[in-house]
Amino acid sequence: MILLEDYKNYADINSPNQDNKLTPLVAYVNDFVEKYCGTKFSLQTVTGERVLVSEGGFILPNAPVSSIENIELVEDDRGFEYWPRLEEGTVEVDFEDSIYARVDYTWGYDGLPDGLKIPCFELISYFYKR
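Residues numbered from 1 in each chain as written. Predicted model: local features only at pLDDT ≥ 70, side-chain atom pairs only at ≥ 80, totals over all residues. Heavy atoms only, no water.

### Considering the environment of Asp19
Move 1: Turning to its location among the elements, Asp19 is positioned in helix α2 (residues 19-37).
Move 2: As a C-alpha pair, Asp19 and Glu92 span 73 residues in sequence and 49 Å in three-dimensional space.
Move 3: Apart from residues no more than four positions distant in its own chain, Asp19 is found in contact with Leu4 and Lys8. (Helix = DSSP H or I, 4+ residues; strand = E, 2+ residues; numbered from the N terminus. Contact = heavy atoms within 4.5 Å.)

The structure is reproduced here in structure tokens:
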């Protein structure tokens, strides 16, 4: 998320004199933004997520999906093809049965989205100036 150096560049702070005061503020704002938005802004790895495959596909419980490492049918060893729609967190498969699968995947954001950086910087400034 926001790093101390990112904030210092934004606020044009060149001295380490305020680092002890800024470091907990940066950590607080990072935590606050994740809780407020209800999502993690770092990549998260999930191993063995059990999902129900029905009507030719399934939905992963977390999105956006960065990558799918493995999909394994539970108690069924047939091969199959799949087509992920990573941004949506959905996967289409080439069979119509209802069956459970285990999925290994990575989800989340590879860093804070650009649209949240300046609001985070401003929130740090707000607390810093109080």
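Here the narrative resumes.
### Some remarks on the sheet that holds strand β5 (residues 90-93)
Move 1: Read across the open sheet, the three strands follow the order β2-β5-β4; overall the sheet is antiparallel. With one partner strand each, in any of the chains shown, β2 (57-59) and β4 (82-85) form the two edges of the open sheet. Pairs of neighbouring strands in the sheet enclose a mean axial angle of 15 degrees, with direction left out of account.
Move 2: Sheet topology note: the β4/β5 ladder contains four bridges and is antiparallel. The partner of Arg85 across the bridge, within β5, is Thr90. (Pairing = 2+ DSSP bridges. Axes fitted to C-alpha atoms, helices over the stretch in contact; angles between N-to-C directions.)

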